[in-house]
Amino acid sequence: MKYWLMKTEPDVFSIDDLASRPDQSEPWDGVRNYQARNMMRDEMKPGDGIFFYHSNCDVPGIVGVARVLREGYPDHTSWNPESKYYDPKSSPDNPRWFMVDVGFERKFSETISLQCLRSLSELSEMPLVRKGNRLSVMPVGEYEWNFILGLAQ
DNA sequence: GCCAACGTTGGC
DNA sequence: GCCAACGTTGGC
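1. Structural notes on the sheet that holds strand β4 (residues 61-74)
Taken in spatial order, the six strands make up an open sheet running β2-β5-β4-β3-β1-β6, and their pairing is mixed. Each of the sheet's edge strands pairs with one partner strand only, and the pair in question is β2 (25-27) and β6 (137-140). Ignoring strand direction, the axes of neighbouring strands in this sheet form an average angle of 35°. Bridging between strand β1 (residues 3-8) and strand β3 (residues 49-54) involves six bridges; their strand directions are parallel. Note that in β3 the partner of Leu 5 across the bridge is Phe 51. Contacts from helix α4 (residues 142-151) reach β1, β3, β4, β5 (98-113) and β6 within the one sheet, and its direction differs from that of β3 by about 60°.

And the structure:
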């Protein structure tokens, strides 16, 4: 089992949105970055843990835990001309973009802010706290996973 | 294959 | 809103 961190802008899709879905799950569509795609297509497996991260907001940080429910499959929004995620180079026969299904697990009582994560030397190896990291899906080590869960009590 | 121009991300 | 960092595009 592996661990991940997935970023989302809460104005677009927040952990509360995930929790209030009828089945508390959501296809993680719209990722248009090759590194992130490769992880979703090739590496993420059902049962893997996900830190749910809010970006571009008042207090950016980890707000809870989700779980991979379904491994990578083609992101159909990529061949829908009506979608804002449309990519003319993607088609059902030759899908360019992939997504996973994500399920709600828990919301932390308080956001573990990026500022807090940056301040902890134990987490200095995380890609998240490295300067200029823009990946919306990134792996989390088992040590960091458990350490951060400890912060959340 | 290089690299300048351009677009996007995301913290601040 | 600014801007640094980084990814993508496309001319050559």
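Past the structure itself, the notes keep going.
2. Here we look at the protein's contact with DNA strand C
In the vicinity of DNA strand C, the contacting residues are Tyr 34, Gln 35, Lys 131, Gly 132 and Arg 134. Here, DNA strand C places atoms within 4 Å of the protein, and 62% of those atoms are sugar or phosphate. Lys 131 is positioned with one of its side-chain polar atoms (N or O) 3.0 Å from a phosphate oxygen of DNA strand C.

3. A few points about α4
When α4 is considered as a whole, its buried residues turn out to be Glu 144, Trp 145 and Ile 148. Along the axis of α4, the buried positions cluster into a sector of 105°, meaning they face one direction only.

4. Details of the protein's contact with DNA strand B
Within the structure, DNA strand B sits among Lys 7, Tyr 53, Ser 55, Asn 56, Pro 60, Leu 114, Arg 118, Arg 134 and Leu 135. Taken together, the sugar and phosphate atoms account for 71% of what DNA strand B places within 4 Å of the protein. A distance of 3.0 Å separates a phosphate oxygen of DNA strand B from a polar atom in the backbone of Asn 56. Between DNA strand B and Arg 134, the relevant distance is 2.9 Å, taken from a base oxygen to a side-chain nitrogen or oxygen of the residue. Of the residues contributing to the surface near DNA strand B, the split by class is four nonpolar, two polar and three charged.

5. As for unusual backbone geometry
For Gln 24, which is not a glycine, the phi torsion comes out positive at approximately 55°. With respect to the helices, strands and loops of the structure, Gln 24 is situated in the loop between α1 (15-19) and β2. You can call Gln 24 partly exposed: its relative accessible area is 33%. For Asn 56, which is not a glycine, the phi torsion comes out positive at approximately 55°. Relative to the helices and strands, Asn 56 is located in the loop between β3 and β4.

6. A word on the environment of Phe 52
Mapped onto the fold, Phe 52 is located in strand β3. Each C-alpha atom, one on Phe 52 and one on Ile 15, is 7.1 Å from the other, the two residues being 37 residues apart in sequence. Not counting residues within four places of it along the chain, the set of residues in contact with Phe 52 comprises Met 6, Thr 8, Phe 13, Ser 14, Ile 15, Leu 18, Trp 28, Gly 61, Ile 62, Val 63, Gly 64 and Ala 66.

Rules used throughout
Residues numbered from 1 in each chain as written. Chains lettered and ligands numbered in written order. Predicted model: local features only at pLDDT ≥ 70, side-chain atom pairs only at ≥ 80, totals over all residues. Heavy atoms only, no water. Pairing = 2+ DSSP bridges. Helix = DSSP H or I, 4+ residues; strand = E, 2+ residues; numbered from the N terminus. Axes fitted to C-alpha atoms, helices over the stretch in contact; angles between N-to-C directions. Contact = heavy atoms within 4.5 Å. Near = heavy atom within 4 Å. Polar contact = N/O pair within 3.5 Å; in protein donor to acceptor, adjacent residues only side chain to side chain. Buried < 20%, exposed > 50% of the residue type's maximum accessible area, 1.4 Å probe, protein only. Arc of directions from axis to C-beta. Nonpolar A, V, L, I, M, F, W, Y, C, P; charged D, E, K, R; others polar.

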